[in-house]
Amino acid sequence: MENSIKKTNKNRNTDFEISFMQTLGVMLVVAEHSFNYMDEPPYLCDWVYQFSMPMFVFISGYLLKNGFIRKNMTPSNLVLTGKNGFIANKVKRLLVPYFILNTLIFIPKAMLSRFSLRPVDLSVGNYLDMLVYPYHNVVGTLWFLFTIFMILLLAVSGLKLMAKLRIKIHPAAIIAMLAIISIMSPENEMIFNIHAIMRYMVFMAAGYYARSTNIKEKIRSHATTIFSINFPLTFILALTPDFTGREIITATNGIFMMMSAAILYNKKGLRLINHLYGTSYTIYIYSWFIQVIFLQIMMKVTGIPGAAASALAIIGGIYIPFLFHKWIVGHKNTVVGKSIAFISGIKI
């Protein structure tokens, strides 16, 4: 059995299956977003949408627990507040780019609203609206940063409270309770994405407890069978009409599909997307900017066909942010490099 957690040259533990899921996941999200201009996006968008965001929340929970294991600590030992506390680190990682990038783009987007899918009026009301209603962000992908920040904050606060009060609840009971909350979450948008937090919290818990049970090692010997079942099932589920609990089922199936695919990918020694490992966060944040150029401005100014614009948006949306990430890392000791890294929430 191969050990998928290895030491990199930076002396940090890297989980290559999780890296694969993050990288392929963000590539699929970029592809999905590259057809947003269409009234009826292709089937690919429905296929990706059914598991993409839940999977990233799942990975966040998985990595939260993995961090505790790697540092040989428990939630009760986690320092929440203070300069180097958990909250401060996540503010720098998630909320700084959320506020700064949205603020920097607000005025240009308002001035170029004729090119936008979601026009914005230049007013204080609209500016505040897009900050307190994350789905209204002028940088469309940044809604997830605020949402995952709140989910992480609730998760670690809940874990610390349970540890302090010495409350023991079976993980299955917690996941079941959060699944009910997810199913009952309001469909209408709420301030600070409360509805989305209620919807996705179950996947945070699922990822956390999946790492607790070392889920990858449990499915490793059955990865081929699991992938053979879950992969075709994703296509079937993407076509099913909506029903109560549908997202939990489709997301769970998709997560197992992606995890088994990651195991098989590493078993076969493939390295097709390894060069993108460690840059998925940057790709997610900055792909929006590239896609606006190709899908909105260029299409409307030059009249290039939609298929060509989508292809450019996919390739450019992945590789231009990838190169930008490499530039930031290469200039991490300069004032400009440090400033851009800070604005972007990129750890260097």
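Treat the numbers as computed from the prediction; the structure is a model and nothing was measured.

Points about the packing of aromatic side chains
For step 1, the next point in the chain: One pass over the structure, following the stated rule, counts 25 aromatic pairs.
For step 2, the next point in the chain: Plain terms: the ring middles of tryptophan 47 and phenylalanine 231 are 6.4 Å apart, the flat faces sit at 85 degrees to each other, and that makes the pair edge-to-face. Placement of the pair is tryptophan 47 in helix H2 (residues 43-49) and phenylalanine 231 in helix H10 (residues 223-237), with a sequence separation of 184 residues.
For step 3, the next point in the chain: Three or more aromatic residues joined by ring pairs make a cluster, and in this case those are Phe56, Tyr135, Trp143, Phe144, Tyr200, Phe203 and Tyr284.
For step 4, the next point in the chain: One residue, arginine 93, lies across the ring of tyrosine 281, its end atom 3.8 Å from the ring centre.

Here's the deal with the confidence of the model for the chain
For step 1, the next point in the chain: The share of residues in the chain with pLDDT of 70 or more is 96%, and the mean pLDDT across the chain is 93.
For step 2, the next point in the chain: Scored below 50 in pLDDT, residues 1-11 makes 23 contacts in the model with residues more than four places away or belonging to other chains.

Considering helix H7 (residues 171-184)
For step 1, the next point in the chain: For H7, built from 14 residues, the straight-helix expectation of 20 Å at 1.5 Å per residue is met to within 8% by its first-to-last C-alpha distance of 20 Å.
For step 2, the next point in the chain: Of the positions making up H7, those classed as buried are Ile174, Leu178, Ala179 and Ser182. The buried residues of H7 occupy an angular sector of 135 degrees when projected down its axis, which confines them to one face.
For step 3, the next point in the chain: Where the residues of H7 are buried, they touch helix H6 (143-165), helix H8 (194-212) and helix H11 (246-267).

Let's talk about the environment of leucine 80
For step 1, the next point in the chain: Looking at where leucine 80 falls in the secondary structure, it is placed in the loop between helix H3 (52-70) and helix H4 (86-111).
For step 2, the next point in the chain: Overall, the relative accessible area of 18% leaves leucine 80 in the buried class.
For step 3, the next point in the chain: As a C-alpha pair, leucine 80 and glutamate 217 span 137 residues in sequence and 31 Å in three-dimensional space.
For step 4, the next point in the chain: Aside from chain neighbours lying at most four places away, what touches leucine 80 is Gly85, Phe86, Ile87, Ala88, Val156, Ser157 and Lys160.

A word on the side chain of serine 260
For step 1, the next point in the chain: Looking at the element boundaries, serine 260 is found in helix H11.
For step 2, the next point in the chain: Of the polar contacts made by the side chain of serine 260, one reaches the backbone oxygen of methionine 257; its length is 3.0 Å.
For step 3, the next point in the chain: Other than its neighbours up to four places away in sequence, serine 260 contacts Ile219, Ala223, Ile226 and Phe227.

Focus: the pattern of salt bridges
For step 1, the next point in the chain: Applying the stated criterion across every chain, the model contains five salt bridges.
For step 2, the next point in the chain: Notably, a salt bridge pairs aspartate 15 with lysine 216, separated by 2.7 Å at the nearest N-O pair. Residue aspartate 15 is located in strand S2 (residues 13-15), and its partner lysine 216 is located in helix H9 (residues 215-220); the two are separated by 201 residues in the primary sequence. Accessibility classification places aspartate 15 together with lysine 216 in one group, the buried group.
For step 3, the next point in the chain: Between lysine 216 and glutamate 17 there is a salt bridge; the shortest N-O distance is 2.9 Å. Linking lysine 216 in helix H9 with glutamate 17 in helix H1 (residues 16-33), this pair joins segments that are 199 residues apart in sequence.

Quick notes on the rules
Residues numbered from 1 in each chain as written. Predicted model: local features only at pLDDT ≥ 70, side-chain atom pairs only at ≥ 80, totals over all residues. Heavy atoms only, no water. Phe/Tyr/Trp six-rings, centres within 6.5 Å; stacked < 30°, edge-to-face > 60°. Helix = DSSP H or I, 4+ residues; strand = E, 2+ residues; numbered from the N terminus. Lys NZ or Arg CZ within 6 Å of the ring centre and 35° of its normal. pLDDT = per-residue confidence, 0-100. Contact = heavy atoms within 4.5 Å. Expected span 1.5 Å × (residues − 1). Buried < 20%, exposed > 50% of the residue type's maximum accessible area, 1.4 Å probe, protein only. Arc of directions from axis to C-beta. Polar contact = N/O pair within 3.5 Å; in protein donor to acceptor, adjacent residues only side chain to side chain. Salt bridge = Lys/Arg side-chain N within 4 Å of Asp/Glu carboxyl O.

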